[in-house]
Every structure is written in C-alpha cells, then in structure tokens.
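Below, each chain spelled out in residue letters.
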Amino acid sequence: SDVENLWQSADKIEAFRDKPLTTLFDIMVVSLPHFRHRKIEFDGDIASIRARLLNEQPPNGESLLRPEYSKFVQIPTFAELAGVLWSSTGGDAELNVPARADLVASYRCDMAFEKHNFDATKQLVRWVSIVDSGQIIPGFGKKATQLLTETLEGYDADTQSCVSAPVRTARRNTLSAMLQEGLKMLFNKQIK
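Asks: Explain the confidence of the model for the protein to me, and be specific about the residues and the numbers.
Replies: Mean pLDDT over the protein: 82, with 81% of residues reaching 70 or higher. The element-level mean pLDDT for the protein is lowest in helix 4 (residues 75–90), coming to 69, with helix 6 (residues 140–158) highest at 95.

Here's what the structure looks like:
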C-alpha cells in the first residue's frame with residue numbers, strides 16, 4: 001500500500017529500520033459525515049471517537065488506548081518524566097519546528113519580495129529594451145536611485161509586521177543585491 005511504501009522510504013533510526021509500520025503504530029482511518037450538512041451524525045461520530053480516545057465506555061467497546069500501550073505514571077513523578085521527555089526531544093534538531101510567527105514572517109517576506117522584485121524587474125526590462133535599441137536613458141542615475149529606493153521602501157512597508165524576523169533582513173538584502181546588479185549591468189551597457 002502507499003502507506004507502507006512511504007514507511008519504507010522514510011528515514012528511520014537503526015532500531016526501527018527493518019520493522020514494519022504495524023509493529024510501531026496502529027493506523028485507523030475513519031470516515032466522518034460532512035460537518036455542516038450532516039451535523040448531528042458528525043457530532044455523534046466525533047463523540048464516539050472522543051470516547052475511544054479518553055478510554056470511556058466506547059459504544060463498540062474498543063478503546064484507542066489499549067492497555068498494552070499504557071504506562072501509568074504516578075502523579076509525583078509526572079513532572080520529572082515530562083521534563084526528561086521534553087529535554088530529550090527538545091535537543092533533537094529534526095524535531096525543531098519553526099514557530100508559527102516565524103512561518104508567517106517567512107511567508108509575508110517571500111510574498112513582498114516576489115511582488116517588489118517583479119515590479120522592479122518589469123522596469124529593468126523596459127530600460128534594457130531602450131538600451132538594446134541603441135538609446136541611452138536620460139537621467140539614469142536619478143531614475144535608478146529612485147527605483148531602488150521605492151522598491152526597498154515598498155518591501156519595508158509590506159514587511160513592517162515582521163521587523164524582528166531575521167528572514168526580513170535576509171530577503172531585503174537579496175532584493176537589494178539583485179536590483180543593484182541589474183542596474184549596474186544597465187549602466188555598463190550605456191557607457192559602452
């Protein structure tokens with residue numbers, strides 16, 4: 001099946017490399033009715049799944065938390081166990097998922113970068129066609145400075161909510177370097 005193929009291709013530690021998926025996980029697929037059009041049936045099915053998860057008296061008697069998987073932890077030792085688990089997973093670089101704020105900042109900065117790079121590139125293409133036709137661009141220095149300034153100010157305005165995110169500065173520097181390179185190329189074409 002597709003799930004087994006995915007499991008086989010997944011990176012695993014040596015201890016689990018040859019173990020089939022079913023020895024480590026119980027996978028169950030449930031079909032739920034549409035949550036708006038069949039609200040009563042949906043709520044009933046969710047209640048049934050909740051009962052199976054919370055080990056209450058599930059309607060069919062089958063709990064999702066089977067006794068062979070349960071390890072009872074005494075209340076006095078829970079904090080210590082939680083601390084050990086947290087520190088052992090917190091140090092694993094593979095488990096370090098970026099915070100939501102970092103993901104949002106990255107998305108916003110990427111969108112602003114694409115928008116302002118696209119707009120600046122359109123202007124550069126117009127200028128390249130003028131230069132390639134044998135003409136020069138009058139007042140090129142002022143126009144180039146204005147394009148660079150407006151592009152970076154526009155990027156800064158669109159990413160103001162991400163001011164503390166390192167990705168903002170990195171994308172701004174990339175945008176600035178790309179635009180400066182294009183302007184330098186146009187300048188050199190005109191002085192030949």
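Asks: How would you sum up helix 6? Please name residues and give values.
Replies: Taking 1.5 Å per residue, 19 residues should reach 27 Å; helix 6 reaches 27 Å between its end C-alpha atoms and fits that length. Listing the buried residues of helix 6 in full gives Phe140, Ala144, Leu147, Leu148, Thr151, Leu152, Gly154, Tyr155 and Asp156. Where helix 6 is buried, its residues touch helix 5 (100–132) and helix 7 (166–191).

Asks: An account of the nonpolar core is requested, with residue identities and associated values reported.
Replies: Formed by 22 residues in total, the largest nonpolar core has its most connected members in Leu124, Trp127, Phe140, Leu147, Leu179, Leu183 and Leu186. Elements that contribute at least two residues to this core include exactly helix 5, helix 6 and helix 7. Of the residues forming this core, the biggest block, 9 residues, is contributed by helix 5. Apart from residues lying up to four places away in sequence, Leu179 is in contact with Ala120, Leu124, Leu147, Leu148 and Thr151.

Asks: Can you break down the side chain of Arg168 residue by residue, with the values?
Replies: Relative to the assigned elements, Arg168 resides in helix 7. Apart from the residues within four sequence positions on either side, Arg168 is in contact with Cys109, Tyr155, Asp156, Thr159, Gln160, Cys162 and Val163.

Scoring rules and cut-offs
Every chain begins its residue count from 1, and numbering advances along the sequence as written. For this predicted model, a pLDDT threshold of at least 70 governs which residues receive local features, and a threshold of 80 or more governs which side-chain atom pairs are given and counted, while totals over whole chains, interfaces and linings are taken from all residues. Neither water nor hydrogens contribute to the side-chain values; these are computed over all heavy atoms in the structure. Per-residue confidence from the prediction method is given by pLDDT, with values spanning 0 to 100. Every helix listed is a DSSP run of H or I at least four residues long, and every strand listed is a run of E at least two residues long, numbered separately from the N terminus. Any helix carries an expected span of 1.5 Å times its number of residues minus one. With a 1.4 Å probe rolled over the protein chains alone, any residue whose accessible area is under 20% of its type maximum counts as buried; one over 50% counts as exposed, and the rest are partly exposed. Only heavy atoms enter the contact rule, under which two residues are in contact if any of them lie within 4.5 Å. We define a nonpolar core as any set of buried Ala, Val, Leu, Ile, Met, Phe, Trp, Tyr and Cys residues linked to one another through side-chain atoms lying within 4.5 Å.

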